Amino acid sequence: MRVSVCIPTHQRARLLDRALEALVQQKVGPEVDWEIVVANNNCTDDTPRVVGRCAERAIVPVSQVFETRPGVSYARNAAIAAAKGEILAFVDDDIRPEDSWLATALDTLEREGADLVGGRILPEWEVPPPAWLATNDELYDYLGLMAVSERRRLTYPFADRTRIWGGSMIVRRSTLDRVGVFNVSLGRTGTRLLQGEESDLIRRVLQAGLVVVYDPAILVYHWVPRERMRRRYFWRWVFGYAEGKAINGPPRPAGRSLLGLPLWMYRSLLRQCLRLAGAPLSLRRQIDFFWELGLMVGWHKRAQVERSAAR
Amino acid sequence: MSSGAETAPLVSAIVILYNQGHFARATIESVLAQDYQPVEVIVVDDGSTDDTAAICAGFGDRITYLRQPNAGAGAARNTGMRHACGALLAFLDGDDIWEPGKIGAQVNAARAHPDAGVIVVDGVKFEDETVLAPTLYFGPVQQHFAERGGTEMITECYEELLQRYLIHSPSQIMIRREVFSRVGPWDARIRVSSDYELMLRIGGAGYPFVFLADALIRYRIVASSLSGPADLREFTWGLDGFLVFRAHAAFADRRHCAMIVERLRGMTRSLARRAYYHGERFDRSWSRRYLVRLAVRSRRPHLVISYLVAAMLPSWIVELASRVISRPRRRSAPLHDVRSER
């Protein structure tokens, strides 16, 4: 069985070093022939040297592809193109998999007859998290974390909070051949936190009638730096996610509009403003507000693009 | 295909060293000599200025050697954790020693109690070749084993921990990595008692602790260590206790916050009293300095001021005054000070 572990990376040599360190310690059976593919997305730091050093020490082949178009989706797609495996396992550069991660994932893929699997993504906090964050699993979604502890088959539309993120996603190449690769108009690029590329891929896989399984035994740890333990980070994340959803989601329903945006959108933004005014310190309300704002900005951008295309 | 869960879990041993070159070899060898395998050994040199680096280099690739500028024990353990791949993490301070069966016993306990967050073993205090005390347990844990025997005790001990620390040394503990995902890493701002603060968070998150009866570590008594000269250590720990409880109050609910406030008040009173009498016996200028620090650190100067005034006045005035105002002393409820048992 040939497996390629793909890591997109951008300017995070030190974290990447830790990720590779944990990857080369994977315990896999002798029947697994595997490699590591690092997709270097415009790194100007130590990344090539870190990869080179890992390649020297590792008992598996470690290669590097360069992708100059900025964006995690471009980087993942470049890794897919360069990878030799018939199974592709994605991790991010801020992830440290448990030593049984790959073996467990391959096991689940076989046993469940699945086409795409993923698992738990638990936080590795840089500093002790504030209590509002540590005790609130709902906020885990915004940190790319996933703490659901039961095994599930995913369905579309999504039935609950269970998701599979690119930080730990194992998929058959045949599946990607059928439904396509990551959507390059989604995904983080540079400073923007435009997200949703993973949900988009999983939606396509599920709509093609293929099997997607979440298994908590597939365990990785996700580095959470202290900047992400602030409220500001959550605002930006939600805004970016909503913006991406508006730009790439289903077309908006027709209706009366003002300045190119439907009227109901103004109403719901106003409603969120009022709710926020009632409890300005509630993170839940702040998040709801930035969600509406992001949707509006996204719709506005989309309307502009559509107008110029029509012309 | 072999699934990771069926094989023996990898244990990461995180050894921290700070100018302990003369003990480092014995410490690291005690990890390499563990009966249980697989164990990965991660040694963090917290900015030592002695021959620690050379001694570690002697172990070659049997250990992972990391070095950082001096930042304290908590920060060093965090550095070690960032490079650890194991599902179970065991910690060892540079002057202590593990018995060969230590990790094996803890792994068995971790398997038997999958919900437990922390596995603690007992140990002995020693100096050179002499055993000074046969147990590191005290208080309710010692009492439990003395009265009921048995080889292990599993307990949810958060409220007990708020009253007093139950563990003598970080070298006694093994923690599941998942626990750190829930409560966060060691708090590097607390220099000496970061282990107490972490245990409060783990206990507060509802994880049970397992205490094993077997003495499987050797805790070295040295005249001077991170905590300072032995006879003044309880005072250093006392000041650190304020940092511990202040950091922890951010995580505690209202009822436990009230317990913490009460505890801090008690600690302030008791430390002020003991520092004053210690000063009268040995060194008054030390006690004056300490009482000023205590007044600031505790943020309760009104509880310290009378002792400070007494420590400043000439002794004969204090003597005279105490004879004139010889009222029966009111005593508050019995108080336990941070680590006064150590």
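S.K.: Any details on the packing of aromatic side chains? Residues and values, ideally.
M.R.: Given two aromatic rings, one states the distance between the centres and the angle between the planes to describe the pair. One pass over the full model with this rule turns up 23 aromatic pairs over all chains. With 5.0 Å between their ring centres and 10° between their planes, Trp237(A) and Tyr241(A) make a pair best called stacked. With Trp237(A) and Tyr241(A) both in helix 8 (residues 231-248) and 4 residues apart, the pair spans about one turn of that helix. Ring centres of Phe91(B) and Phe180(B) lie 6.3 Å apart, and the angle between their planes is 70°; this geometry places the pair in the edge-to-face category. Taken as a pair, Phe91(B) in strand 4 (residues 88-93) and Phe180(B) in helix 7 (residues 177-183) lie far apart in primary sequence, 89 residues in all.

S.K.: Explain the interface of chain B and chain A to me, and be specific about the residues and the numbers.
M.R.: Where the parts come together, the accessible area they lose is often given as the size of the interface. Contacts between the two partners involve 27 residues from chain B and, on the opposite side, 31 residues from chain A. Buried area between chain B and chain A, both sides added, is near 2200 Å², and the carbon and sulfur share of it is 52%. There are 1 salt bridge connecting chain B and chain A. The closest approach of N and O atoms between Glu178(B) and Arg120(A), which form a salt bridge, is 3.2 Å. Applying the counting criterion to the chain B and chain A interface returns 9 residue pairs in polar contact (both at pLDDT 80 or more). Of all the elements in the fold, those that place two or more residues in the side of chain B that touches chain A are helix 3 (73-82) and helix 7 of chain B. Among the elements that make up the side of chain B that touches chain A, the one with the highest residue count is helix 7 of chain B (6 residues).

S.K.: Which residues make up the domain arrangement of chain B, and what are the values?
M.R.: All names here are of chain B. According to the domain assignment, chain B contains domain 1 (5-221) and domain 2 (231-326). Residue-level contacts link 16 residues of domain 1 with 14 residues of domain 2. Regarding the contact of domain 1 and domain 2, the summed buried area is about 1300 Å², with carbon and sulfur atoms giving 63% of it. It is Tyr 158, Glu 159 and Leu 162 in domain 1 that bury the most area against domain 2; as a group they hold 33% of the surface buried on that side. Across the domain 1-domain 2 interface, the total number found is 1 salt bridge.

S.K.: Mind laying out helix 1 (residues 21-32) of chain B, listing which residues take part and the relevant values?
M.R.: The end-to-end C-alpha distance of helix 1 of chain B, which contains 12 residues, comes to 17 Å, matching closely the 16 Å that a straight helix rising 1.5 Å per residue would cover. In this structure, the buried side of helix 1 of chain B is in contact with strand 1 (11-17), strand 2 (39-45), helix 2 (52-57), strand 4, strand 5 (97-98) and strand 10 (209-220) of chain B.

S.K.: Can you explain the environment of Met169(A)? Please cite residues and give values.
M.R.: All names here are of chain A. The topology assignment puts Met 169 in strand 8 (residues 168-172). Owing to a relative accessible area of 0%, Met 169 belongs among the buried residues under this scheme. Here the alpha-carbon distance between Met 169 and Gly 119, two residues 50 residues apart in the chain, equals 7.6 Å. Beyond its immediate stretch of four places on either side in the chain, Met 169 contacts Leu 88, Ala 89, Phe 90, Leu 116, Val 117, Ile 164, Phe 182, Glu 198, Leu 201 and Ile 202.

S.K.: Report on unusual backbone geometry, specifying residues and quantitative values.
M.R.: Each neighbour pair has its own omega, and for Tyr156(A) with Pro157(A) the value is 0°, a cis peptide bond. Within the secondary structure layout, Pro157(A) lies in the loop between strand 7 (152-153) and strand 8. Following Gln37(B), the chain continues into Pro38(B) via a peptide bond in cis, with omega recorded as 0°. Mapped onto the fold, Pro38(B) is located in the loop between helix 1 and strand 2. In this model, Asn19(B) sits at a positive phi of 50°, which is unusual for a non-glycine residue. Topologically, Asn19(B) is positioned in the loop between strand 1 and helix 1. Judged by its relative accessible area of 26%, Asn19(B) is partly exposed. Of note in this structure, Asp128(B) is not a glycine but carries a positive phi near 50°. Within the fold, Asp128(B) resides in the loop between strand 6 (118-127) and strand 7 (130-133).

S.K.: Give a description of the nonpolar core that names residues and reports values.
M.R.: One finds Leu20(A), Ile36(A), Trp101(A), Leu116(A) and Ile170(A) to be the most contacted residues of the largest nonpolar core, which totals 79 residues. The greatest single-element share of this core, amounting to 6 residues, is contributed by strand 9 (residues 212-224) of chain A. Ranked by size, the runner-up nonpolar core spans 65 residues in total, among them Val118(B), Met153(B), Tyr158(B) and Phe211(B).

S.K.: Residues and numbers for the side chain of His83(B), please.
M.R.: With respect to the helices, strands and loops of the structure, His83(B) is situated in the loop between helix 3 and strand 4. At 3.1 Å, the side chain of His83(B) and the side chain of Glu21(A) are in polar contact. Residue contacts for His83(B): discarding those within four places in its chain leaves Arg18(A), Glu21(A), Arg96(A), Glu40(B), Ile42(B) and Leu66(B).

S.K.: So what about the packing of helix 10 (residues 254-281) of chain B against helix 11 (residues 284-298) of chain B? Which residues, and what values?
M.R.: Residues and elements named next belong to chain B. Contact geometry of helix 10 with helix 11 gives a least axis separation of 8 Å together with a crossing angle of 170°. Considering the angle they form, helix 10 stands roughly antiparallel to helix 11. Between helix 10, through Thr 268, Leu 271, Ala 272, Ala 275, His 278, Gly 279 and Glu 280, and helix 11, the contact on the second element is made entirely by Arg 284, Trp 286, Ser 287, Tyr 290, Leu 291, Leu 294 and Ser 298. Its residues assigned to classes, the contact of helix 10 with helix 11 shows 7 nonpolar, 5 polar and 2 charged.

S.K.: Which residues make up a nonpolar patch on the surface, and what values go with them?
M.R.: Residues and elements named next belong to chain B. Residues Trp 316, Leu 320, Val 324 and Ile 325 make up a contiguous nonpolar surface patch of about 500 Å² in total accessible area. Looking at the secondary structure, you find Val 324 in helix 13 (residues 315-324). With a relative accessible area of 69%, Val 324 lands in the exposed category.

S.K.: So what about the pairing of strand 10 of chain B? Which residues, and what values?
M.R.: Residue and element names in this part refer to chain B. Pairing of strand 5 with strand 10, which is carried by 2 bridges, proceeds in the antiparallel orientation. Bridge pairing in strand 10 links Trp 98 to Ile 217. Bridge count for strand 6 against strand 10 is 9 bridges, and the pairing is parallel. Bridge pairing links Val 120 to Phe 211 in strand 10. Bridge analysis of strand 8 (residues 152-155) against strand 10 gives 4 bridges, and the strand direction is antiparallel. Within the sheet, the bridge partner assigned to Ile 154 lies in strand 10 and is Val 210.

Procedures and definitions
For every chain, the first residue of its written sequence is number 1, and the numbers climb from 1 along that sequence. Ligands are numbered from 1 and chains lettered from A, in the order in which they are written. Since the coordinates come from a predicted model, pLDDT governs what is reported: local features require at least 70, and pairs of side-chain atoms require 80 or more to be given and counted, while whole-chain, interface and lining totals use all residues. Remark: hydrogens and water are excluded; side-chain values derive from all non-hydrogen atoms of the structure. What counts as a ring pair is set by centres within 6.5 Å for rings of Phe, Tyr and Trp (its six-membered ring), and what kind of pair is set by the plane angle: stacked under 30 degrees, edge-to-face over 60, tilted for all other angles. Strands are runs of DSSP state E lasting at least 2 residues, helices are runs of H or I lasting at least 4, and numbering of each runs from the N terminus. By definition in these notes, contact holds between two residues if any of their heavy atoms fall within 4.5 Å. Note: buried area is the sum, over both parts, of the accessible area (probe 1.4 Å) each one loses when the two are combined. Salt bridge, as applied in this entry: a Lys or Arg side-chain nitrogen positioned within 4 Å of an Asp or Glu carboxyl oxygen. A 3.5 Å cut-off defines polar contacts: any pair of N or O atoms within that distance qualifies, except that in protein one atom must be a possible hydrogen donor and the other a possible acceptor, and neighbouring residues in sequence count only when both atoms are side-chain atoms. Those domain boundaries reflect an automatic or database domain assignment. Any helix carries an expected span of 1.5 Å times its number of residues minus one. Working definition: with a 1.4 Å probe on protein chains only, accessible area under 20% of the residue-type maximum means buried, over 50% means exposed, and in between means partly exposed. Only buried residues count toward a nonpolar core. Its members are Ala, Val, Leu, Ile, Met, Phe, Trp, Tyr and Cys residues joined through side-chain atoms within 4.5 Å. Where helices are involved, their axes are fitted lines through C-alpha atoms of the stretch in contact, as for all axes, and angles between N-to-C directions lie from 0 to 180°. Here is the rule for angles: anything less than 35 degrees is roughly parallel, anything more than 145 is roughly antiparallel, 65 through 115 is roughly perpendicular, and the remaining ranges are oblique. Under the scheme applied here, ten amino acids are nonpolar (Ala, Val, Leu, Ile, Met, Phe, Trp, Tyr, Cys and Pro), four are charged (Asp, Glu, Lys and Arg), and all others, including Gly, are polar. Note that patches include only residues with greater than 30% relative accessible area and no salt bridge, and the join distances are 9 Å for like charges and 5 Å for nonpolar side chains (Val, Leu, Ile, Met, Phe, Trp, Tyr). The protein chains shown are the only cover counted for residues, whose accessible areas, like all others here, come from Shrake-Rupley with a 1.4 Å probe. DSSP calls a pair of strands paired once it identifies at least 2 bridges connecting them.

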